[in-house]
Amino acid sequence: MEEAFEQTLNGFPKEQFTLIEITRKDIVTRTFECIEDEDLKARVSVKFIGEDAIDSGGVTREFFSELFRGFGVYSMLVRGTYPHITFRHNLEAVAKGLFETFGKLVAIALVNGCPGPHFFTPMVAEFILDIPREPHLTEVPDDCEFLTQLTNISNCSDEASFIIAVNSFPERFDMGYTKATVTFEDKNELLNACVKHVVLSCVAEEIYSFKKGLASFGVLEFLSKYPSDGIKHLMHVEVSVEDVKSCFVPCFSTPGFQLHERETEIVYNWHSFLRSVSRGKLKCNVIPFPQPCIPSTDETVDFKHDNLELRFLTLSDVLQFGSGSRFPSFAGKLQFDHDSVSAEKRISGNTCAFSITIPVNKRYTCNSNEFAQKLMEDIFEAYGFGLP
């Protein structure tokens, strides 16, 4: 499918692209502002204002990674908590074409070899690709006003408690479940109908508008043609230690020399570092960008240190540091810099070349615990993570 996306992109002239100049702060809101009334092209070039990086692919990947992650706090079009997102009922946004634009942004991301949203619930993702799926209560958003009542019905274990719970839930009629007399045997049927209404039916216009945008450049057709692969671009994918190892393959020197021995020690510490990340052992206080739902104040604008937020480093953060993508869909390198004599030189990520370079100096030729702490600091100090 990736080859099909690449061939599609190659069919468009390189000189025809949409330039997106953006900040990392409020990235979702500002992206919609930047592209309003734009005739979005298949190709995009991204510039983060105030940053020196030139977009040779890596900046675009990082833009879409940050954009889709930002939807976790952007409540106009979606609801739920990342990475279990559903659509929000918003006919005004449908009329303004925002859902269609959202779908087109996903299409552009995939055509350019960037990560998809990776946050829709299975039920939503499979509905987008016309894959049948049984509803499940766990897909109802946490902020749904009917979740408590549906949970009460689900927890009923006998006829008497079930009838009491159903009689306290007249909203079922508005959800399309109109049986006059309901028995305990109807429990699963009732729950399935109500969950389907909450997650899909009541936002049908929003989903179809999104799909219209996703159909741009033939993307929806490709996703539907290869559903087992296509679904992975829409749903959350767990990242493993082995995924990260396979994405950054060490470039060793010739065995038998001192350089090779130093590199093997670093790779041993690198593997230990990844295991610590996967177990949630590495965390740091960072200064977050203000979220779009929080009004700006002098404190948020100036990034004062009393706004520190505890962040756990994730394997997706490591992937993004070296590729711009938060998901393992590339083949990159783990390289070593033997030319650095400065103990202060730090690890660097090249998102265009899919590479992470570790200097072979005193900073990184240490025990595994110190190595992990220093790598975490270096990654969190990179753009997009905040300064510790």
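The present account deals with the structure reproduced in this document.

Reading guide: rules and limits
Residues numbered from 1 in each chain as written. Predicted model: local features only at pLDDT ≥ 70, side-chain atom pairs only at ≥ 80, totals over all residues. Heavy atoms only, no water. Helix = DSSP H or I, 4+ residues; strand = E, 2+ residues; numbered from the N terminus. Polar contact = N/O pair within 3.5 Å; in protein donor to acceptor, adjacent residues only side chain to side chain. Buried < 20%, exposed > 50% of the residue type's maximum accessible area, 1.4 Å probe, protein only. Contact = heavy atoms within 4.5 Å. 1 Å grid on protein atoms, 1.4 Å probe; cavity = no way out; pocket = protein on both sides within 12 Å on 5 of 7 lines; lining within 4 Å. Points joined across faces, edges and corners; volume = space filled by probe spheres on them. Nonpolar A, V, L, I, M, F, W, Y, C, P; charged D, E, K, R; others polar. Pairing = 2+ DSSP bridges. Axes fitted to C-alpha atoms, helices over the stretch in contact; angles between N-to-C directions. Right-handed = clockwise from strand over helix to strand, strands pointing away.

Considering the arrangement of structural elements, one finds Asp-143 in the loop between helix H6 (122-128) and helix H7 (147-155). When the C-alpha atoms of Asp-143 and Ile-85 are compared, they prove to be 11 Å apart, with 58 residues separating the residues in sequence. Engagement of the side chain of Asp-143 in a polar contact is seen with the side chain of Arg-79, the distance being 3.3 Å.

With respect to the helices, strands and loops of the structure, Ile-22 is situated in strand E1 (residues 18-22). On the basis of relative accessibility, which here comes to 1%, the residue Ile-22 falls in the buried class. Spatially, the C-alpha atom of Ile-22 lies 6.3 Å from that of Lys-47, the residues being 25 residues apart in sequence. Not counting chain neighbours up to four residues away, the residues in contact with Ile-22 comprise Ile-27, Arg-30, Thr-31, Cys-34, Val-46, Lys-47, Phe-48, Ile-49 and Phe-63.

All told, the structure shown has 1 cavity of 30 Å³ or more when counted by the stated rule. Put simply, the largest cavity is a space of about 60 Å³. The residue inventory of the lining of the largest cavity, partitioned by class, reads 6 nonpolar, 2 polar and 2 charged.

Before going further, it helps to examine the sheet that holds strand E9 (residues 348-350). Strand order in the open sheet formed by 4 strands is E5-E8-E10-E9, with mixed pairing between adjacent strands. The sheet is open, and its two borders are formed by strand E5 (248-250) and E9, each paired with just one other strand. Ignoring strand direction, the axes of neighbouring strands in this sheet form an average angle of 30°. Pairing of strand E8 (residues 332-337) with strand E10 (residues 355-359), which is carried by 5 bridges, proceeds in the parallel orientation. By the bridge assignment, Leu-334 is partnered in E10 with Ile-356. Across the sheet, helix H14 (residues 258-278) is in contact with E5, E8 and E10; its angle to E8 comes to roughly 130°.

Side chains Thr-18, Ile-20 and Ile-22 of E1 all project onto a buried face; the interleaved residues Leu-19 and Glu-21 project onto a face where none is buried. Pairing analysis gives 5 bridges linking E1 to strand E2 (residues 44-48), with the strands arranged parallel. Along E2, the bridge assignment pairs Ile-22 with Phe-48. Running through helix H2 (residues 27-34), the crossover from E1 to the neighbouring parallel element E2 is right-handed.

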